[in-house]
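# Notes for the structure review
Chain by chain, the residues:
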Amino acid sequence: MYSEADFAEFQRFCKKAPVFVKKPVVAQKGRGVEPVKTVKETDTAALMKHLLEENGPFVAEELIETHESLKAVNPDSVNTVRVETYFDGRTAYISNAFFRVGKAGFFVDNGSAGGIIVPIHLETGKLMEQGRDKTNITYKIHPDTGIPFKDYQIPNWKQLLKLAKKLAAV
């Protein structure tokens with residue numbers, strides 16, 4: 001989290017990550033989450049002042065590169081796979097999984113930004129037939145790219161499940 005006292009650290013971060021994601025600390029539903037691009041000539045003091053005036057304290061994170069097959073469904077947003085787990089003290093279990101994908105023009109896949117949630121078949125890692133948005137509208141294809149959801153394969157599915165179980169046990 002950055003505030004005015006953290007200028008030197010912010011300046012180092014901008015040199016390391018010239019494109020980063022800014023997340024306001026006091027926000028929800030993906031509001032104010034957006035990419036920030038800097039160049040060698042960027043006045044980082046002015047940038048930090050602007051970001052603080054715009055949002056108050058904020059978190060800056062390195063930009064996540066979306067896997068190409070997930071990016072294909074909507075190239076504008078960082079689309080995510082969510083795996084719900086539980087741990088009984090000895091064994092980690094997976095109870096549910098879903099794909100969140102944004103719509104054209106939105107950086108986030110959040111439901112408040114029109115994002116669509118599509119269930120994933122746990123055994124195969126393929127998307128189910130349809131997704132749903134926050135307003136309960138159903139979609140069989142992505143409304144902007146026309147990609148059908150049914151049987152769309154989530155990449156590296158078995159490795160993803162293995163990692164989710166490992167993390168649930170931590």
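Scroll up to find the structure this text is about.
Bear in mind the structure is a predicted one, so any value in this text is a computation, not a measurement.

### Quick word on the overall build of the protein
- From N to C terminus, the protein includes four helices and eight strands.
- Here the C-alpha coordinates of the protein stretch approximately 50 × 45 × 25 Å along the principal axes.
- Long-range pairs, those at least 24 residues apart, make up 54% of the contacts in the protein with a sequence separation of at least 6.
- Across the protein, 24 positive and 21 negative side-chain charges occur, with their mean positions spaced 5 Å apart.

### Here's the deal with helix 4 (residues 157-168)
- With 12 residues, helix 4 should reach 16 Å at 1.5 Å per residue; the first-to-last C-alpha distance of 16 Å fits that figure.
- On its buried side, helix 4 packs onto strand 4 (80-87) and strand 5 (92-101).

### A word on the pattern of salt bridges
- Taken as a whole and judged by the stated rule, the model has eight salt bridges.
- Note that Lys23 is salt-bridged to Glu61, the shortest N-O span being 3.0 Å. Pair noted here: Lys23 is in strand 1 (residues 19-24) and Glu61 is in strand 3 (residues 58-62), with a separation of 38 residues, a long-range link.
- Accessibility expressed as a relative area gives 29% for Lys23, which makes it partly exposed.
- Taking relative accessible area as the criterion, Glu61 reaches 32% and is therefore assigned partly exposed.
- Of the charged contacts in the structure, one is a salt bridge between Glu53 and Lys49, with a shortest N-O distance of 3.9 Å. With a gap of four residues between them, Glu53 and Lys49 both fall in helix 2 (residues 44-55), about one helical turn apart.
- Given a relative accessible area of 58%, Glu53 falls into the exposed group.
- Ionic contacts of the salt-bridge type, sharing partners, join the residues Lys22, Glu34 and Glu54 into one network.

### Description of the sheet that holds strand 5
- Strand order in this open sheet of five strands is 4-5-6-7-8, and the pairing throughout is antiparallel. Bordering the open sheet on either side are strand 4 and strand 8 (138-139), each of which pairs with just one other strand.
- Of the strands in this sheet, strand 4 and strand 5 touch helix 4, which is tilted by about 45° from strand 4.

### Quick word on the packing of aromatic side chains
- For the structure on display, the rule yields four aromatic pairs.
- Relative to Phe58, the ring of Phe10 lies with its centre 5.7 Å away and its plane at 85°, an arrangement referred to as edge-to-face. Taken as a pair, Phe10 in helix 1 (residues 7-16) and Phe58 in strand 3 lie far apart in primary sequence, 48 residues in all.
- An aromatic cluster is built from Phe10, Phe13, Phe20 and Phe58, whose rings are joined through pairwise contacts.

### Looking at the nonpolar core
- Within the largest apolar cluster, 18 residues are counted, with the highest numbers of intra-cluster contacts made by Phe99, Ile120, Leu127, Phe149 and Ile154.
- Those elements that provide at least two residues to this core are strand 5, strand 6 (116-119) and helix 4.
- Ranked by the residues each element gives to this core, the list is headed by strand 5, at four residues.
- Filtering out sequence-adjacent residues up to four positions away, Ile120 remains in contact with Val81, Ala97, Phe98, Phe99, Gly125, Lys126, Leu127, Met128, Ile154 and Trp157.
- Core analysis: the next-biggest nonpolar cluster, separate from the first, contains 12 residues, Val36, Met48, Leu51 and Ala60 among them.

### Considering unusual backbone geometry
- Even without glycine at this site, Asp151 takes up a positive phi of about 70°.
- Judged by relative accessible area, Asp151 falls into the partly exposed class, the value being 46%.
- Positive phi, close to 55°, is recorded for Asn156, a residue that is not glycine.
- For Asn156, the location among the structural elements is in the loop between strand 8 and helix 4.
- Here Asn156 falls in the partly exposed class, since its relative accessible area comes to 46%.

Here is what the cut-offs are and how they apply
Residues numbered from 1 in each chain as written. Predicted model: local features only at pLDDT ≥ 70, side-chain atom pairs only at ≥ 80, totals over all residues. Heavy atoms only, no water. Helix = DSSP H or I, 4+ residues; strand = E, 2+ residues; numbered from the N terminus. Contact = heavy atoms within 4.5 Å. Lys, Arg positive; Asp, Glu negative; His and termini not counted. Charge placed at Lys NZ, Arg CZ, Asp CG, Glu CD. Expected span 1.5 Å × (residues − 1). Salt bridge = Lys/Arg side-chain N within 4 Å of Asp/Glu carboxyl O. Buried < 20%, exposed > 50% of the residue type's maximum accessible area, 1.4 Å probe, protein only. Pairing = 2+ DSSP bridges. Axes fitted to C-alpha atoms, helices over the stretch in contact; angles between N-to-C directions. Phe/Tyr/Trp six-rings, centres within 6.5 Å; stacked < 30°, edge-to-face > 60°. Core = buried A, V, L, I, M, F, W, Y, C linked by side-chain atoms within 4.5 Å.

All quantities given are derived from atomic positions and should not be read as evidence of function.
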